[in-house]
Structures are given as C-alpha cells and as structure tokens.
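Working through the structure, step by step
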Amino acid sequence: MQVRPADLVAQYNGIEAEIDDAIAGVLRSGSYVLGQRVKDFEEGLARYCGVKYAIGVNSGTDAILLSLMALGVGPGDEVIMPAFTIMVDAAVVCLLKAKPVFVDIDPRTFNVAPEQLEDKITDRTKAVIAVHLFGQPSDMDRILAITQKRGVAVLEDACQAIGAGYKDRKVGSLADLGCFSFYPTKNLGGYGDGGAITTNDGVLAERVRLLRAHGDAGQYDHVVVGINSRLDEIQAAVLSVKLKRVDLWNQARHRNGRRYTLAFRDIENLVTPYEDVNCRHVYHQYTIRTSQRDELRRYLRRREVTAAVYYPIPLHLQKALSHLGHATGEFPASERAAREVLSIPVYAELEPEKIEYVSECIAEFFSA
Ligand SMILES: *Cc1c(COP(=O)(O)O)cnc(C)c1O
C-alpha cells in the first residue's frame, strides 16, 4: 500500500464544485491581484484568528520578512530564534543584514526553550521569532514574560500552525505579529504560493500594507521602500473556501495523530509527539523520535510509506550561515532532534486503513 505525505487531489475532490466556482468567479471579474476577494479573505482570517488586522502577502517567507521590516530590523540588529527550525527564519534576517541568534529547543515540544531566552537578549535584540513547529504553539506566556520586560518584539512563525490554540486563543493573536504560509501542503493551503500577517497593532498593520506594495500610499506616492508581495485573487478566493473547513481538517489530523500515538504506546525506542496541556496541536506534522531514524525511514520506504525529516540540519550548522561561526555541540537538543525526528503521513484525508498499515510497518520494524 502506497502512503504519501499528502493527498491534495483527495482534498480537492471533496470541494471541487465550490473551488471551481470560486476560481471561475475571479476569471470573470477582471480583477486578479489585491482586489475584493483578498479583502474578504483578510477579514475572514482576522476574524478566525481573533485579531483586528490580517494582510495577505505572497508567501510565508514574505510574511516573516515584511514583519521584520515593519519592526525596523536592519543592519546590526539581532533576531532570536530556535536553532531547530526551517531555514526561512534565519534567511530573512540575513537578507536584512541583521544577525540570527539561536536558542536551543525544549526537546519535548521542539519549540524554543523559554528559560534559555533571557541570556540571549542584548541591547541589539530587536525581535524574537517564536516558531510553532509542527503545529504546536510555543510557550508564549513564558516567552512574553521575558521579552516584554526587555522591550523586545515577538513575531509568531505560525506557518505550520493555523488554527492551533494556546490557552483560549489562536496562534497569530498571541504576540506582536503572526505569520502564515498558504503553501499547498500547509494545513490551510492554496493552489500556489500565498501568505498573511496578522496583528492587533494598527501602526504595524499599516506599515505592512505599505511594504507589500513598494511603499505606495496611492497615486505613486512612495512613502517607504518596500517590495512586491501581493496575494492574488485566485488564491484568496480558494483560501476563503478552504478557511471554512480548516477546523474540520485540523480535527481530522488530530484524530489521525491520536491513532498513531495509541498504536505506538508500547514501542520502546520511539517517542510520540508531546501535547502541552495548554495547547491545541494541529499536527501539521506527526513527528516521532527514534535513535534508529534512518533505518526506520529506509524500512518504510521499502514498504512504500514516505516519511520525511524536518529538519536534518539545525540552523547553526547550515553552510549558508557559517559566517556566524557556530560549532557542533552548541545546541545539543536541536542537534539531537535533527538526528532523531521522522514525520509520518497524518493529513486529514488519510484513510484509517493507511494509518493502520503505517502503524503495522513501524511496529514490525521495532519488533524485528
Ligand atoms: C512553510 C514555512 C515557512 C515559509 O513559507 P513559504 O510560504 O513556503 O514561504 C516559514 N516557516 C515555517 C515554519 C514554514 O513551515
């Protein structure tokens, strides 16, 4: 039985008529970029996240880049982030000629370890990027308790976590700015690239709106230097159709995750994902840990199950960031995660037979 990491066609088949109508409506409207459908989606997303403003942009990468630009991050500034995350977080900081500063992770959640944050804050620290990795929110109360007394801004990288909950709130509403990606395989994905920024801060919202369109305040009156990072009408129309279903899909991912966790409970050399009691995890990835990761991955491949490693190299050991001068051993929890993590298929449409099959394959591997 073949099991892949996602089945985007299966998702489309369930909403085909509504999606086709939405796209045809855009084609007939003559308005293709930053029109009414983008406005409608922005309003819907703001309501969904429980914030005042949402601004559609071209990707999750741009959402983080524009958020940092809106905060005024530039040469000489420092931005703190976990060492175990996607390269994007560090790359955008470097593009602004600022310096990524790493903190190790809590090995249970894969998110930043708040107790290690305080020591990393200096006079040059402009922001902290709290990544909600794999769909589980970071420990925001503890992060904010440290950053607020030092006057440091916090940006949520919620690209993997739309709909995830922290206490009684949703990600994207927990800090100064929230960043989302609508890359097709994310929990809310378009049929192309897309992203958004959420905030309750009217000044930051206005700055982001300007920055995403070359700083044009209207009539070619450019008040700041910005970039082109616009959301298009087709993606916005598609995303509005899908936003209505994202809670159902997230629930299905969670249910699938629970099935695995139950199936793996007696396997010794396998750690199942930890769920913080304060959080609602949305399982963008169902990520197990095992010291036999590479062997297990190969075994699964032979059984036609595609498992993935997010991420095999922590940021402080990336070649592209060698100018920062880090060495192996500096962030041991991140390095160990990079060696041990394996994400197995958990998408919403995954059939129970396939979950059973994957579970059996994994049980067989460990009993051999
Ligand atoms: C996908 C992702 C991004 C980047 O989003 P793109 O839309 O691909 O640019 C950033 N951070 C995290 C954690 C992501 O998963």
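For the structure, check the block above.
Okay, so let's go over this structure. Bear in mind that the values here come from a model prediction, so they are computed numbers and not experimental data.

Things to note about the packing of helix α1 (residues 8-29) against helix α7 (residues 233-243)
Contact geometry of α1 with α7 gives a least axis separation of 9 Å together with a crossing angle of 140 degrees. Between α1 and α7, the angle falls in the class oblique. Between α1 and α7 lies a crossing whose hand is right-handed. For the pair formed by α1 and α7, the contact residues are Q11, I15, E18, I19, A22, I23, V26 and L27 on the first element and E233, I234, A237, V238, V241 and K242 on the second. Among the residues making up the contact of α1 with α7, the classes are represented as 10 nonpolar, 1 polar and 3 charged.

So, the pattern of salt bridges
Applying the stated criterion to the full structure yields 17 salt bridges. We note a salt bridge from E340 to R289, for which the minimum N-O separation is 3.2 Å. With E340 in helix α10 (residues 332-340) and R289 in strand β11 (residues 286-289), the pair connects residues that are 51 residues apart, well separated along the chain. Across the pair, R289 and E340 agree in class, each one buried. What emerges from the salt-bridge pattern is a single network uniting E18, K244 and R245.

Examining the packing of helix α9 (residues 293-302) against helix α11 (residues 352-367)
Between α9 and α11, whose axes approach to 10 Å, the crossing angle comes to 130 degrees. Regarding the angle of α9 to α11, the classification is oblique. Considering the relative orientation of α9 and α11, their crossing is right-handed. Across the interface between the two elements, E295, L296, Y299 and L300 of α9 pack against C361, I362, E364, F365 and F366 of α11. A breakdown of the residues in the contact of α9 with α11 according to their chemical character gives 7 nonpolar, no polar and 2 charged.

Here's the deal with the side chain of T109
Along the polypeptide, T109 turns up in the loop between β3 (99-103) and β4 (125-131). Residue classification places T109 among the buried residues on the basis of a relative accessible area of 10%. For T109, the side chain forms a polar contact with the main-chain nitrogen of N111, separated by 3.1 Å. If sequence neighbours within four positions are ignored, T109 has contacts with Q136 and Y274.

Considering helix α6 (residues 202-211)
All of the buried residues along α6 are L204, A205, V208, L210 and L211. In this fold, the buried residues of α6 make contact with β1 (53-57), α3 (60-70), β8 (177-181) and β9 (195-199). Of the residues that open α6, the one with a side-chain oxygen 2.9 Å from the backbone nitrogen of V203 is D201.

What to know about empty space enclosed by the protein
The final tally for this structure, using the stated rule, is 3 cavities of 30 Å³ or more. The calculated volume of the largest cavity comes to roughly 120 Å³. Around the largest cavity, the lining is made up of 15 residues, and of these L8, Q11, K186, R253 and E349 lie nearest the centre. Elements with a minimum of two residues in the lining of the largest cavity: α1 and α8 (246-263). Residue composition of the lining of the largest cavity, grouped by class: 6 nonpolar, 4 polar and 5 charged. Counted as a void, the second largest cavity has a volume near 70 Å³. The wall of the second largest cavity is formed by R108, T109, F110, L133, F134, Q136, P273, Y274, H281, Q285 and T287. The class makeup of the residues in the lining of the second largest cavity is 5 nonpolar, 5 polar and 1 charged.

So, how was this worked out
Residues numbered from 1 in each chain as written. Predicted model: local features only at pLDDT ≥ 70, side-chain atom pairs only at ≥ 80, totals over all residues. Heavy atoms only, no water. Axes fitted to C-alpha atoms, helices over the stretch in contact; angles between N-to-C directions. Helix = DSSP H or I, 4+ residues; strand = E, 2+ residues; numbered from the N terminus. Parallel < 35°, antiparallel > 145°, perpendicular 65-115°, else oblique. Left-handed = near helix turned anticlockwise from the far one by under 90°. Contact = heavy atoms within 4.5 Å. Nonpolar A, V, L, I, M, F, W, Y, C, P; charged D, E, K, R; others polar. Salt bridge = Lys/Arg side-chain N within 4 Å of Asp/Glu carboxyl O. Buried < 20%, exposed > 50% of the residue type's maximum accessible area, 1.4 Å probe, protein only. Polar contact = N/O pair within 3.5 Å; in protein donor to acceptor, adjacent residues only side chain to side chain. 1 Å grid on protein atoms, 1.4 Å probe; cavity = no way out; pocket = protein on both sides within 12 Å on 5 of 7 lines; lining within 4 Å. Points joined across faces, edges and corners; volume = space filled by probe spheres on them.

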